[in-house]
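Spelled out, the chains give:
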Amino acid sequence: MNGFKGFQIQNHAPFSSPSGQFSAELTWHNPSHISLTLVRKFFPASYKVMLAHLNQPRIEFDLLAGGHKIGNSTISNMHITPGDNTITGFTGSLDPRIFRNNRTLLSRYLSGFIAQANGQEFSLLQLQGVAAIANNREIYWLGPAIERMTFDLPLIARDPAHPGHGNPLGESFKWDFIFVAGMSMLEVTNGTLSITITLPFESAMFPVYIEDVRWDLTISNHQGPFLRIVRNFRSSSNEIVPLGEHSHSIRSRLDKHTLVDILEREIWNMYFTRDFVASTVVHLRITGTVTLEVVTPLGNATVSGLGVRDERWDMKGLGGLDNGGKSPAEVSYPIAFEYRKWMVGFRVYNPSAIEVAVNFQLWHQILKF
Amino acid sequence: MGASTFTMYTDRNVECFAVLKVNDLNLTRGWSNLIGVIETDEGRCVSNGFGKFLSMVIAGGIYRIAAKFVDCQYSSVGKPFVTGFQLQKFNAVLHSIKYVLFDSLDIWIQQDGVKATVTIANEIYPAMSFTLIDVAVLGLVEGVGINSTIIESTGFGSTKQLPQVGLTFKSSASANYLNQFIGRDMKLGMEGKLGIDWNGIQTLIDYTQQDIPARVRGVMA
């Protein structure tokens, strides 16, 4: 049975009771052809049998985090067959006091949920076997095996709104930048960036207040990454709005103080600006992380691991200076003011969110900066 | 200061008719209203290109044209590297008011024939010369025309009476028909070709102007 490796706690709601008691479902894939039944009453097994006729059987575990015991858990009702199994009789106690004011542990614990939801390998908790007991005595044939067991215990958070446990950021990034693209330089002058973050560990018993947010985003085109945006801001500017039990909407205004780095100037010059000027749509991808500083009933924590990889961003371009032919430029009402020189009005439609400034002053200004 | 330069093309995108220079090309979201200067002394366009531009401008109306971003020129720091815009060609539209070239028309019915005196006006700075008037007079009787090869110049905002020329008729009957209009003030139209010389740029334009003040004078035959 491979040492019971591969246990997962499903539908876990952390800190959902003040005492730290929890009950959850365990899932486990039994690779063997052997069934194992631990029940409170005699259970007649009808196939390959490891028969147990036990009174009040239970398997006890310690719950460890980073090698330190933070609670215990018990499987009191287990009926395992070959293949996938769900074990409902899993209860335990996770002492919340251990997390209180232990920023490192709390941060790791909360970030673990994010990593898990992102499909990343993450092991914060381990189960360490303690004993297999029935009739108030150790089950002699199972106990020694249980005591040698230590395995990681992934936590899959309870998330009734989004069954399936998707990426907490999902495709919730919204982009609305206005850059000034002057010469070969670039400066963000205005715009917004918003995301909706789902925090799978948040509940009515464990409310989370987001205090600070840090973006670190890299924008790529088919040539590779070429632009990076880093932004730190505090929620005191009312840019973070709770959206119900799990979700927070974070809307960040970008301005001249937002740091924008051109990572690869050649890609910026040769590919991005050319595509941007000529195309109605510029196909970009965004990879980035969001880090939150949060305040919880157990203290402050840093939640990392929120992010997207290669999220598609189809940014509007200049459309060839005539909006892809839909908005021809206009040359209006020529008035001669000397021989061979006519003053005209010149209108150009810019369908994109990027403000283009092709002039010397801006270049000079940025150079000074 | 820096200027972005565009070359302007007729609708078929073959004939460059002018160079447009725009200072401080700032394109905000949506429409950006800028001021530009169209020049012809850049040597970038074919020699008769500007004649077409002049024709479009004087005749007035809306024309489909095309433009191409050429480059940027800067006054003090060498030519900077502006990417993405070079040689970008795009559709454009030229709007022009209709320039008024005829001020009035006097028709003289005389013993030796019917003559016309055309008074030209000029709304184009600083001065413009006429080299040809070949028009039909509208609103009088069919087949009346004025055909004159002239070289007369008029300054901006001024009028000038051209030398008297003979009115052409399709038939003598139509000449006699004019007698009934003697002494009457009318509004007539003129439609045809005009030869324009604008500081050495010569072009032949199709031109129509309605409601030209006109008067018929003379003695009954």
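The written sequence of each chain sets the order in which its residues are numbered from 1. Here chains are named by letter from A upward and ligands by number from 1 upward, in the order in which they appear as written. Local features in this predicted model are restricted to residues whose pLDDT is 70 or higher, and side-chain atom pairs enter the listing and the counts only when it is 80 or higher, whereas totals over whole chains, interfaces and linings include all residues.

1. Points about the overall build of chain A
Alright, step 1. Helix and strand labels come from DSSP, where a helix needs a run of H or I of at least four residues and a strand needs a run of E of at least two; each type is numbered from the N terminus. The secondary structure content of chain A amounts to five helices and 22 strands.
Alright, step 2. Distance between backbone-placed C-beta atoms decides contact: two residues are in contact if it is within 7 Å. Contacts in chain A between residues at least 24 apart in sequence constitute 65% of all its contacts with a sequence separation of at least 6.

2. A word on the overall build of chain B
Alright, step 1. Check the secondary structure of chain B and you find two helices and 14 strands.
Alright, step 2. A separation of at least 24 residues holds for 65% of the contacts in chain B among residues at least 6 apart in sequence.

3. Re the interface of chain B and chain A
Alright, step 1. Contact residues are listed per partner, giving 46 residues for chain B and 44 residues for chain A.
Alright, step 2. Counting residues per element, the ones that place at least two in the side of chain B that touches chain A are strand E1 (2–9), strand E2 (16–23), strand E3 (25–27), strand E4 (30–39), strand E5 (61–74) and strand E6 (89–96) of chain B.
Alright, step 3. Looking at the side of chain B that touches chain A element by element, the count peaks at 10 residues for E4 of chain B.
Alright, step 4. When residue character is reported, Ala, Val, Leu, Ile, Met, Phe, Trp, Tyr, Cys and Pro are called nonpolar, Asp, Glu, Lys and Arg charged, and the others, Gly included, polar. Its residues assigned to classes, the side of chain B that touches chain A comprises 26 nonpolar, 16 polar and four charged.
Alright, step 5. When DSSP locates at least two bridges between a pair of strands, those strands are taken to pair. Alignment of strand E22 (residues 355–358) of chain A against E3 of chain B, held across three bridges, turns out to be antiparallel. By the bridge assignment, Val356 of chain A is partnered in E3 of chain B with Leu27 of chain B.

4. A look at the domain arrangement of chain A
Residues and elements named next belong to chain A.
Alright, step 1. All domain edges in this entry derive from an automatic or database-based domain assignment. Here the domain parsing of chain A yields domain 1 (2–157) and domain 2 (174–317).
Alright, step 2. On the domain 2 side, the residues contacting the 20 residues of domain 1 number 14 residues.
Alright, step 3. Among the elements that line the side of domain 1 that touches domain 2, the one with the most residues is helix H1 (residues 103–117), at nine residues.
Alright, step 4. For the side of domain 1 that touches domain 2, the residue count by class is 12 nonpolar, six polar and two charged.

5. Some words on the confidence of the model for chain B
Residues and elements named next belong to chain B.
Alright, step 1. Per residue, pLDDT captures the predictor's confidence, and it can take any value from 0 to 100. Averaged over chain B, the pLDDT score is 85; the fraction of residues at 70 or greater is 89%.
Alright, step 2. Below a pLDDT of 50 lies the segment residues 75–80, which in the model reaches seven contacts outside its immediate sequence neighbourhood of four places, other chains included.
Alright, step 3. Listed scores for the predicted complex are pTM 0.73 and ipTM 0.87.

6. Concerning helix H1 (residues 49–59) of chain B
Alright, step 1. Exposure is read from a count of other C-beta atoms within 10 Å of each residue's own; the residue is exposed at 12 or fewer, buried at 20 or more and partly exposed in between. C-beta atoms are placed from the backbone. Among the 11 residues in H1 of chain B, nine count as buried, and that is most of the element.
Alright, step 2. After H1 of chain B finishes, the residue Gly60 of chain B shows a positive phi value of roughly 80 degrees.

7. Some words on the nonpolar core
Among soluble globular proteins, nonpolar side chains are generally buried collectively.
Alright, step 1. The term nonpolar core refers to a group of buried residues, namely Ala, Val, Leu, Ile, Met, Phe, Trp, Tyr and Cys, whose C-beta atoms join them within 7 Å. One finds Met8, Ala18, Leu20 and Ala67 of chain B to be the most contacted residues of the largest nonpolar core, which totals 137 residues.
Alright, step 2. Examining the composition of this core, we find that seven residues originate from one element, H1 of chain A, more than from any other.
Alright, step 3. The contacts of Met8 of chain B, once residues within four sequence positions are left out, are Cys16, Phe17, Ala18, Leu20, Ile65 and Ala67 of chain B.

8. Overview of the pairing of strand E21 (residues 341–350) of chain A
Alright, step 1. Strand direction decides the pairing type here: strand E20 (residues 329–338) of chain A and E21 of chain A, joined by six bridges, are antiparallel. If you follow Glu338 of chain A over to E21 of chain A, its bridge partner there is Lys341 of chain A.
Alright, step 2. From the end of E20 of chain A to the start of E21 of chain A, which pair antiparallel, there are two residues, and Arg340 of chain A there has a positive phi angle of about 70 degrees.
Alright, step 3. Examined bridge by bridge, E21 of chain A and E4 of chain B share 10 bridges and lie antiparallel to one another. Paired with Lys341 of chain A across the strands is Glu39 of chain B, a residue of E4 of chain B.

9. Notes on the domain arrangement of chain B
Residue and element names in this part refer to chain B.
Alright, step 1. Entries for chain B in the domain assignment read domain 1 (2–96) and domain 2 (102–218).
Alright, step 2. If you average the C-alpha positions of domain 1 and of domain 2, the two centres end up 35 Å apart.
Alright, step 3. With six residues of domain 1 at the interface, the matching set in domain 2 holds eight residues.
Alright, step 4. When grouped by side-chain class, the residues that make up the side of domain 1 that touches domain 2 number four nonpolar, two polar and no charged.

10. What about the environment of Val344 of chain A?
Residue and element names in this part refer to chain A.
Alright, step 1. If you trace the backbone, Val344 turns up in strand E21.
Alright, step 2. Residue Val344 is classed as buried on the basis of its 24 C-beta neighbours within 10 Å.
Alright, step 3. Residues Val344 and Ser194, spaced 150 residues apart in sequence, show a C-alpha to C-alpha distance of 41 Å.

11. Describing the environment of Pro328 of chain A
Alright, step 1. Looking at the element boundaries, Pro328 of chain A is found in the loop between helix H4 (319–323) and E20.
Alright, step 2. Counting along the chain gives 19 residues from Pro328 of chain A to Arg347 of chain A, while the straight-line C-alpha distance between them is 8.8 Å.
Alright, step 3. Those residues in contact with Pro328 of chain A, other than ones at most four positions away along the chain, are Asp322 of chain A together with Asn91, Ala92 and Val93 of chain B.

12. Quick notes on the environment of Thr273 of chain A
Alright, step 1. Its location among the elements puts Thr273 of chain A in helix H3 (residues 265–278).
Alright, step 2. The spacing of Thr273 of chain A and Gly317 of chain A is 44 residues in sequence and 9.2 Å in space, taken between C-alpha atoms.

13. Here we look at unusual backbone geometry
Alright, step 1. In this structure, the amide linkage connecting Tyr125 of chain B to the following residue, Pro126 of chain B, adopts the cis form with an omega of -5 degrees.
Alright, step 2. Its identity is not glycine, yet Leu321 of chain A carries a phi of approximately 70 degrees, on the positive side.
Alright, step 3. On the basis of neighbour count, Leu321 of chain A is assigned to the buried category, with 26 C-beta atoms found within 10 Å.
Alright, step 4. Of note in the backbone geometry, Tyr333 of chain A takes a positive phi value of approximately 50 degrees without being a glycine.

14. A closer look at the pairing of E20 of chain A
Alright, step 1. As judged from the four bridges shared by E20 of chain A and E6 of chain B, these two strands associate in the parallel manner. Following the sheet pairing, Glu330 of chain A is matched in E6 of chain B by Val93 of chain B.

15. Let's talk about the confidence of the model for chain A
All names here are of chain A.
Alright, step 1. Overall, the predicted model of chain A reaches an average pLDDT of 77, with 75% of residues at or above 70.
Alright, step 2. Looking over chain A, one finds the lowest element-wise mean pLDDT in helix H5 (residues 360–368), namely 45, and the highest in E21, namely 95.
Alright, step 3. Considering only residues more than four positions removed or in separate chains, one finds that residues 45–52, a stretch of pLDDT under 50, has 12 contacts.
Alright, step 4. Between residues 159–166, whose pLDDT stays under 50, and residues either more than four places distant or in other chains, the model counts eight contacts.

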